[in-house]
Amino acid sequence: MNTIEQFNEHVMPSYGRFDVVMERGSKRTAYDENGKKYIDFGSGIGTNSLGFCDEKWVEAICRQARTIQHTSNYYYTKIQADLAEKLCGMTGYKKMFFGNSGAEANECAIKLARKYSFDKYGKGRHNIITLTNSFHGRTLCTLSATGQDVFHNYFFPFAEGFIYVETNNIDDLKAKLDDTVCAVMFEYVQGEGGVCPLDKEFVNAIFELCAEKDVLTIADEVQTGVGRTGKFLAGENFGKLADITTLAKGLAGGVPIGVCLAGEKCCDVLTKGTHGSTFGGNPISCAGATAVLDRMGGDFLENVTRKGIYLKGKLLEIDEVEKVDGMGLMLGATLKTKKAADIVAAGLESGLLLLTAKEKLRFLPPLTITIEEIDEGIEKLKEIL
Ligand SMILES: *Cc1c(COP(=O)(O)O)cnc(C)c1O
């Protein structure tokens with residue numbers, strides 16, 4: 001039995017997978033079990049921010065595994081304290097909660113917002129506004145938060161308490177932001193929804209209206225955060241800092257983590273016993289995250305912006321590309337005649353890892369990708385298109 005048969009025999013068939021068995025990776029190149037090389041334009045859906053097996057990152061993780069790999073949250077660890085201090089310092093937030101994934105980070109944000117409102121105003125102000133075309137995760141509650149009907153099947157009953165506002169429609173937001181609402185949750189750039197940045201005026205309206213009504217803003221930066229858009233937080237591109245921000249995907253460079261950051265106003269809402277996670281703040285994940293954050297200094301983020309502009313320019317030179325949306329190294333290309341899913345399959349064939357987002361071709365390369373590697377990937381893409 002080969003690996004794929006063995007796998008399918010024993011693993012639930014919940015993913016559409018390609019018939020490739022990945023074996024190892026180095027920098028921005030992955031290798032399958034036959035030794036075939038792939039240039040990485042997807043970074044494991046935006047997680048391997050420093051590429052595959054970055055030396056300093058590996059060293060940090062191995063050092064931590066040899067020191068203490070886990071202890072429960074009944075005790076303190078220095079690596080958690082260091083990471084929390086660093087993250088708050090880099091973002092301007094006051095405190096954070098440690099989880100293991102994007103969905104968990106968002107669950108924390110939802111619980112926090114509801115308790116903030118309950119503590120201050122009592123019952124009845126539990127609704128959370130999310131946007132059409134959003135994506136917030138795969139748990140029952142975050143599926144409910146996700147403003148796309150295709151996700152609201154099979155698993156009834158879904159969690160109550162979510163109101164969907166049409167993305168970029170300020171009037172719809174005004175109409176629905178009533179006194180049953182405790183928070184507005186949004187992605188600055190809708191990732192799974194097709195790499196669609198929100199309109200600046202719409203973001204301004206969210207912050208203004210929420211401030212008027214003491215409604216919390218929750219920025220789901222699970223995909224956009226940690227340098228992906230050329231700023232540490234995508235909100236910086238809009239001149240905004242939400243009351244709550246969630247991070248996950250790229251934060252620990254490819255090991256599981258999810259965090260919920262909160263500002264002064266709501267950082268002490270989740271009191272003793274109100275939230276928890278066995279693995280949350282796992283020291284190995286924290287070591288990985290610390291290694292990622294330590295890389296973000298100097299001109300690292302400017303380089304992300306520079307490489308993003310370069311990649312976008314190269315994409316726009318291709319005849320088949322109609323337009324390119326996104327920021328930094330989070331880009332989505334609309335194709336004129338071809339189907340993005342077919343191009344991803346063809347890319348795999350020719351040694352290029354690509355993603356889709358809705359009908360677009362999505363690019364989330366490792367933040368450490370070089371201009372030469374972008375050129376190499378673009379050459380392959382040109383041939384395919
Ligand atoms: C990926 C993603 C999530 C879910 O993260 P998981 O780690 O898969 O739970 C939530 N929100 C956004 C914006 C995402 O891109």
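Now for a quick tour of the structure. Throughout this document, residue positions are counted from 1 along each chain, in the order its sequence is written. Two thresholds apply to this predicted model, a pLDDT of at least 70 for residue-level local features and 80 or more for giving and counting side-chain atom pairs, whereas whole-chain, interface and lining totals are computed over all residues. Only hydrogens and water are set aside when side-chain values are computed; all heavy atoms of the structure are taken into account.

### A few points about the pattern of salt bridges
For the record, the criterion: When a carboxyl oxygen of Asp or Glu is within 4 Å of a side-chain nitrogen of Lys or Arg, the pair counts as a salt bridge. Numbering goes from the N terminus for both helices and strands, where a helix is a DSSP run of H or I of at least four residues and a strand is a run of E of at least two. Only protein chains enter the accessibility calculation, which uses a 1.4 Å probe; a residue whose area is less than 20% of its type maximum is buried, one above 50% is exposed, and one in between is partly exposed.
As enumerated under the stated definition, the model contains 16 salt bridges in all. With a shortest N-O distance of 3.1 Å, D294 and K86 are connected by a salt bridge. Here the residue D294 occupies a position in helix α9 (residues 283–294), and K86 occupies one in helix α4 (residues 78–91), the gap between them amounting to 208 residues. K382 is the salt-bridge partner of E379, the closest N and O atoms lying 3.8 Å from each other. Taken as a pair, E379 and K382 lie in helix α12 (residues 371–384) at a separation of three residues, close to a single helical turn. Assessed through its relative accessible area of 43%, E379 is described here as partly exposed. With relative accessibility at 35%, the residue K382 sits in the partly exposed group. When salt bridges with common partners are traced through the structure, they connect E59, R63 and R66 into a single cluster.

### With respect to the packing of α4 against α9
Let me state the cut-off plainly: Axis definition: a line fit to C-alpha positions, over the contact stretch in the case of helices; interaxial angles, taken between N-to-C directions, run 0 to 180 degrees. For any helix crossing, the convention is left-handed if the near helix is rotated counterclockwise from the far helix by under a right angle, and right-handed if that rotation is clockwise. We call two residues contacting when some pair of their heavy atoms lies within 4.5 Å. When residues are sorted by character, Ala, Val, Leu, Ile, Met, Phe, Trp, Tyr, Cys and Pro go into the nonpolar class, Asp, Glu, Lys and Arg into the charged class, and all the rest, Gly among them, into the polar class.
Orientation of α4 relative to α9, taken along the N-to-C sense of each, is 35°, at an axis distance of 9 Å. Helix-helix and strand crossings are classified by hand; for α4 and α9 the assignment is left-handed. Contact with α4, carried on its side by I79, Q80, L83, K86, L87 and M90, involves P283, C286, A287, A289, T290, L293 and D294 of α9 and no other residues of that element. Residues belonging to the contact of α4 with α9 are distributed by class as follows: nine nonpolar, two polar and two charged.

### Section: the nonpolar core
To keep things clear, this is the line we draw: Each nonpolar core is a collection of buried residues, namely Ala, Val, Leu, Ile, Met, Phe, Trp, Tyr and Cys, held together in the definition by side-chain atoms within 4.5 Å.
Counting 80 residues, the largest nonpolar core has L87, L361, F363 and L381 as the members making the most contacts within it. Not counting chain neighbours up to four residues away, the residues in contact with L87 comprise M96, F232, L247, L251, V259, L261 and L293. In this structure, A109, Y116, F162 and M185 belong to the second largest nonpolar core, which totals 21 residues.

### What to know about the environment of V58
Among the structural elements, V58 can be located in helix α3 (residues 55–67). Classification of V58 as partly exposed rests on a relative accessible area of 30%. Along the backbone, V58 and A291 are 233 residues apart, and their C-alpha atoms lie at a distance of 8.8 Å.

### Section: the site of the ligand
Definition in use: Put simply, a residue is near a molecule or strand once any heavy atom of it comes within 4 Å of that molecule or strand. Polar contacts, as used here, are pairs of N or O atoms within 3.5 Å; protein pairs need one atom able to donate a hydrogen and one able to accept it. Residues neighboring in sequence count only if both atoms are side-chain atoms. Using the Shrake-Rupley algorithm and a 1.4 Å probe, accessible areas are obtained, with residue cover drawn only from the displayed protein chains.
In the vicinity of the ligand, the residues found are S101, G102, A103, N106, F135, H136, G137, E187, D220, V222, Q223 and K249. The separation between an oxygen atom of the ligand and a polar main-chain atom of A103 is 2.8 Å. At 2.8 Å from an oxygen atom of the ligand is found a side-chain nitrogen or oxygen belonging to Q223. Look at the ligand: alone it shows 380 Å² of surface, and the protein chains cover 81% of it. At three residues, helix α5 (residues 102–121) tops the list of elements feeding residues into the shell around the ligand. Tallied by class, residues from the shell around the ligand come to three nonpolar, six polar and three charged.

### Quick notes on the sheet that holds strand β13 (residues 321–327)
How we decide: Note on pairing: two strands pair once DSSP finds at least 2 bridges between them.
The strand order across the open sheet formed by four strands is β13-β14-β17-β16, and the pairing between neighbours is antiparallel. If you trace the sheet from one side to the other, it starts and ends with β13 and β16 (355–357), each paired once. The average undirected angle you get between the axes of adjacent strands in this sheet is 35°. Alignment of β13 against strand β14 (residues 330–335), held across six bridges, turns out to be antiparallel.

### Notes on the packing of aromatic side chains
Filter applied, for reference: Stacked, edge-to-face and tilted labels apply to pairs of Phe, Tyr and Trp rings (six-membered ring for Trp) whose centres lie within 6.5 Å, assigned for plane angles under 30 degrees, over 60, and everything in between, in that order. In this analysis the charged atom, NZ for Lys or CZ for Arg, is taken to sit over a ring once it is within 6 Å of the ring centre and within 35 degrees of the ring normal.
Throughout the structure, instances matching the rule amount to seven aromatic pairs. Each ring, one from Y154 and one from F155, has its centre 5.6 Å from the other, and the planes form 75°; the classification is edge-to-face. On the basis of relative accessible area, F155 is assigned to the partly exposed category, the value being 46%. Consider the rings of F186 and Y188, whose centres lie 5.1 Å apart with planes at 85°: the pair is edge-to-face. Each member of the pair, F186 as well as Y188, is classed as buried. Ring-pair connections join several aromatic residues into one group, and the members of that group are F186, Y188, F207 and F238. A cation over an aromatic ring shows up here: R24 above the ring of Y31, its NZ or CZ 4.1 Å from the ring centre. Over the ring of F207 we find K240, and its NZ or CZ is 5.6 Å from the ring centre.

### Comments concerning the sheet that holds strand β1 (residues 22–26)
The four strands lie next to each other as β1-β2-β3-β15, forming an open sheet whose pairing is mixed. Looking at strand neighbours, the two that pair on one side only are β1 and β15 (352–353), the edges of this open sheet. Summarising the sheet, strand β3 (residues 37–40) and β15 pair through two bridges and their orientation is parallel. By the bridge assignment for β15, D40 is matched with L353.

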